[in-house]
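This is what each chain is made of:
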Amino acid sequence: MILDKKTMRFIRKYKSKYIGSIIMIALSCMMFIGFNIASPNINTSIDNFRKDTLSENVNFSVSQQLSEDDIKDLEKQFSCQIESRSKIEYTFDGDTIEIYTPTTKVDKYQVIDGDNIKNEYDILLDKNYAKANNCNIGDTIDIKNNKFKVCGYYAEADHIYIIKPENEIMPNPKKLGIAIISDKDYKNVFSSDGIVFYSALVNENDLKNIKNTINEKYILFSWNLSEDNIRMNFIDGEMNAFSKVGYIVPIFILIITSVMISIVSVRQIKMEYGIIGTLTALGYRKKEITNHYMRYSLFQCIAGSLLGLLPGVVFALIIGTIFLQKYSVVPIEPKLESLWIIPVGLILPFIFVIPSAYITLRKALDLKPIELMGHATKSKKNTKNLYKRINLSSFKFKNKFRIRDTIKNIPRTLLLIFGITFSSILLLFGFTTIDSINNVVNDNYENVYKYEYQYNFKSLQFESDSDDDKINYSIHTIKSGSKIENNITIYGVEPDNNTIVFEQIKADDMPFENNIITSTLAKKLNVSEGDTLTVTNKYSEDQFDIKIDKIVKTNVGDNIFIPLSDFNKKMGYTENSYIQILSKNKLDIESDLLLSWTDKETQKDNFNQLVSTIKMLVIAIWVVSIIISIIIINTVSTMLIEENRINISLLKVLGYHLKEINGLTLRGNIFMVVIGYAISVPAIIKIIDLLFSVLMSKMNVTISASLNLPSILIGFVMIVLCFEISLYMSKKKIMNISMSDALKMTL
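(A) Inspection of the overall build of the chain at higher detail. Tallying secondary structure elements over the chain gives 21 helices and 20 strands in all. A separation of at least 24 residues holds for 82% of the contacts in the chain among residues at least 6 apart in sequence. For the chain, the exposed area adds up to about 35500 Å²; of that, 56% sits on carbon and sulfur atoms.

Next comes the structure, spelled out in structure tokens:
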């Protein structure tokens, strides 16, 4: 059929437009398939891991150890499982290993490589720590002058995300790992050192009752529900964010691609109105003509979908590998039940692209043949009427030309603006994330927290010869709105504390003699100075009120600071009791008194580790952003050249140089690029704020999104470079326009 020959001839002639849209469709398919195969696989693997190992739903510690009889009574009364475990932090050469006793009832560990503990002085390590420190199976580790042999690697559901929750937000397997040794070896090496805690699997309806029962006989030091345990559920928040990205970003790319293809189709149909009218007059049915023009869009969808299929599957495997490196979990294997995503990913471009192309074509074919053949003239008259409404007499020729070109095709202009906005959002994603984290480091560890060492005790302390700042703290809950409960940390601080310095109160002699709330928490709760908050102790369920005296600006932390004496009184503690010391100097404290200790440099390194971890992701997003920017700008530039073909030919006849013609026809788009980029800056800050709120929802941390001026300027330079690359690619098309084309102008 003659029309079939025309299809391939047209595609070969204008291949750059089709290649661009095919690449964008392939990108959207790759991302949709990759994210949505990986996400269910990871979720299914984690859920099965938790079920198979009888993952806890609460762990707690008390003032003194529960007796065996009490444990049996609680298990019988509430039909639950409770297991006692011992734990100690062992530090050597700057590294820390949290050493645990084995489990048999709750949080049962799984050996993922090597053998289980069989012999005396066998030790199991988490795989990420072992790999980061080149510790292979069969190697030995010296622990308190005892040689432990690494017999295997393991994982357990309550340590999927291995961090110190009190001062870290990112795993650093080079510095922190977990291990298991036998009960006998633990007693021989550590005696009664360390702490004892309890892991429990309790019916959800009995959680409050069992807590009250324990409180009747013991004092709860901690009560950590699995939903609040970042080590267990951070992966859930990240997978939730991944799932949303896996739908939103590909669909947004497809929407932009659909608009781009529709605008290109409109341009093609306008160029061929006369041909369509002639074909209709010659007896071609609308169905035949429709099928012919729909083939252009079908070709792009089919080629793009197939091109994105294999990279999408590979992308899913890469995501799985990244998660294995970040989390301590059993190996994640692809599941057949998630492969239904592949046909959905292949069909998705057709759902978005084909209807928009069909609607555009249908509108053209509704005209009569005589109207089609005269439609080009009519369009010119409508455009001229629009020009008359705008007074351009005071502008120079160059500016008049650019303005007319912009308003002549409004959809094309909007495509450029919103296409640049989307690609700029992707480009600025990395800058905003890194700037936000760096600002947290600078705000917290340079400007606010002036201590060098932090010491956390196992139990309340009452006397000290040290003049260092003493802190008491406890986790509480508070409602924002009618239903949402937020976990917050309330600190009891000595009024003259000088290791925590907020700008608003640093000039005061007694900076912490008032009740202070961080700005991040005040914003979340929508409260102001003078308001009163009712908080609930997470362990005892006791409630008390706190009147807000001051709000201090900080980028991180859902915290309230009150005088230490008031804190101890409200909590029912001894007047001068404390559980933490902040010091500018390293202190000599007996190890059996300490739960943990850390220095500020380690905490800063943890944030730097987060930055280095996301750099590869940032680079990948930059590549996608640059590709999309170049494709969109190049498509718009090609359309501009086609629409101005006669004008460019006339300009050549009149003696204009290539550089001047480029300036007239293409460089005017720089204003649209600037507008699109300007829109992206506030948009990305809002998006990152939402992303942080999802990822940090289970942490007692709020990070505010921020984008620094140098990052904005670097991002703008990168977008302008994309613009320049597109112009360079378009130069050849302008050069190929002959001066004789002006003679072909339709009068």
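(B) Seen up close, helix H5 (residues 183-190). Listed in full, the buried residues belonging to H5 are Asp185, Tyr186, Val189 and Phe190. Across the axial projection of H5, the buried residues extend over an arc of 100°, all falling on one side. Those residues of H5 that are exposed and angled more than 90 degrees off the buried face are Lys184 and Lys187. Its buried side turned inward, H5 meets strand E2 (81-92), strand E3 (95-100), strand E5 (122-126), strand E6 (140-143), strand E7 (146-155) and strand E9 (195-201). Immediately beyond the C-terminal end of H5, within one or two residues, lies Ser191, with a positive phi of roughly 55°.

(C) Here's a closer look at empty space enclosed by the protein. All chains considered together, the criterion is met by 4 cavities of 30 Å³ or more. Taken together, Lys17, Tyr18, Ser21, Met260, Ile261, Val264, Ser265, Gln268, Tyr296, Gln300 and Thr635 make up the full set of residues lining the largest cavity. Breaking the lining of the largest cavity down by element, the ones donating at least two residues are helix H2 (15-52), helix H7 (230-271) and helix H9 (286-326). Residue composition of the lining of the largest cavity, by class: 5 nonpolar, 5 polar and 1 charged. In this structure, the second largest cavity occupies an estimated 70 Å³ of space. Taken together, Ser265, Gln268, Ile269, Tyr293, Met294, Tyr296, Ser297, Ala357 and Leu361 form the lining of the second largest cavity. If you list the elements that add at least two residues to the lining of the second largest cavity, you get H7, H9 and helix H10 (341-365). Sort the elements by how many residues they give to the lining of the second largest cavity and H9 lands first, with 4 residues.

(D) Region of the structure containing the packing of helix H18 (residues 645-653) against helix H19 (residues 658-665). Direction vectors running N to C along H18 and H19 enclose 145°, while the axes themselves pass 10 Å from each other. Helix-helix and strand crossings are classified by hand; for H18 and H19 the assignment is right-handed. Contact residues: Ile648, Leu651 and Lys652 in H18; Ile661, Leu664 and Thr665 in H19. Here the contact of H18 with H19 is composed, by residue class, of 4 nonpolar, 1 polar and 1 charged.

(E) Up close: a nonpolar patch on the surface. There is a patch of nonpolar side chains on the surface, built from Ile19, Ile23, Ile619, Val623 and Ile627 and spanning about 370 Å² of accessible area. Broken down by element, the nonpolar patch gets its largest block of residues, 3 residues, from helix H17 (residues 600-643). By secondary structure assignment, the location of Ile19 is in helix H2. Residue classification places Ile19 among the partly exposed residues on the basis of a relative accessible area of 46%.

(F) Here's a closer look at the packing of aromatic side chains. Applying the stated criterion across every chain yields a total of 25 aromatic pairs. Ring geometry for Phe35 versus Phe315: centroids 5.3 Å apart, planes at 85°, classification edge-to-face. Here Phe315 lies in helix H9 and Phe35 lies in helix H2, a separation of 280 residues in the sequence. Exposure remark for Phe35: the relative accessible area of 10% places this residue in the buried category. The exposure class assigned to Phe315 is partly exposed, which follows from its relative accessible area of 22%. Three or more aromatic residues link up through ring pairs in this structure, and these residues are Tyr473, Tyr491, Phe502, Phe512 and Phe561.

(G) Region of the structure containing unusual backbone geometry. With phi around 65°, Tyr121 is a residue other than glycine that occupies positive phi space. Mapped onto the elements of the fold, Tyr121 is located in the loop between strand E4 (110-114) and E5. Overall, the relative accessible area of 22% leaves Tyr121 in the partly exposed class. The phi dihedral of Asn145 falls on the positive side, at around 65°, and the residue is not glycine.

(H) Broad picture of the environment of Ser577. Residue placement: Ser577 occurs in the loop between helix H16 (564-571) and strand E19 (578-583). On the basis of relative accessibility, which here comes to 0%, the residue Ser577 falls in the buried class. C-alpha separation for the pair Ser577 and Gly492, spaced 85 residues apart in sequence, amounts to 9.9 Å. The contacts of Ser577, once residues within four sequence positions are left out, are Leu460, Gln461, Phe462, Asn472, Leu564 and Asn568.

(I) Quick look at the environment of Ile517. Relative to the helices and strands, Ile517 resides in strand E14 (residues 516-518). Since its relative accessible area comes to 1%, Ile517 is described here as buried. For the pair Ile517 and Val527, spaced 10 residues apart in the sequence, the C-alpha separation amounts to 9.7 Å. With sequence-adjacent residues up to four places away left out, Ile517 is seen in contact with Ala522, Val527, Leu533, Ile548, Lys550, Ile551, Val552, Asn559 and Ile560.

The rules behind each value
Residues numbered from 1 in each chain as written. Predicted model: local features only at pLDDT ≥ 70, side-chain atom pairs only at ≥ 80, totals over all residues. Heavy atoms only, no water. Helix = DSSP H or I, 4+ residues; strand = E, 2+ residues; numbered from the N terminus. Contact = heavy atoms within 4.5 Å. Areas by Shrake-Rupley, 256 points an atom, 1.4 Å probe, with all protein chains shown as cover. Buried < 20%, exposed > 50% of the residue type's maximum accessible area, 1.4 Å probe, protein only. Arc of directions from axis to C-beta. 1 Å grid on protein atoms, 1.4 Å probe; cavity = no way out; pocket = protein on both sides within 12 Å on 5 of 7 lines; lining within 4 Å. Points joined across faces, edges and corners; volume = space filled by probe spheres on them. Nonpolar A, V, L, I, M, F, W, Y, C, P; charged D, E, K, R; others polar. Axes fitted to C-alpha atoms, helices over the stretch in contact; angles between N-to-C directions. Left-handed = near helix turned anticlockwise from the far one by under 90°. Patch = residues over 30% accessible without salt bridge, like charges linked within 9 Å, V, L, I, M, F, W, Y side chains within 5 Å. Salt bridge = Lys/Arg side-chain N within 4 Å of Asp/Glu carboxyl O. Phe/Tyr/Trp six-rings, centres within 6.5 Å; stacked < 30°, edge-to-face > 60°.

These figures capture arrangement, not role.
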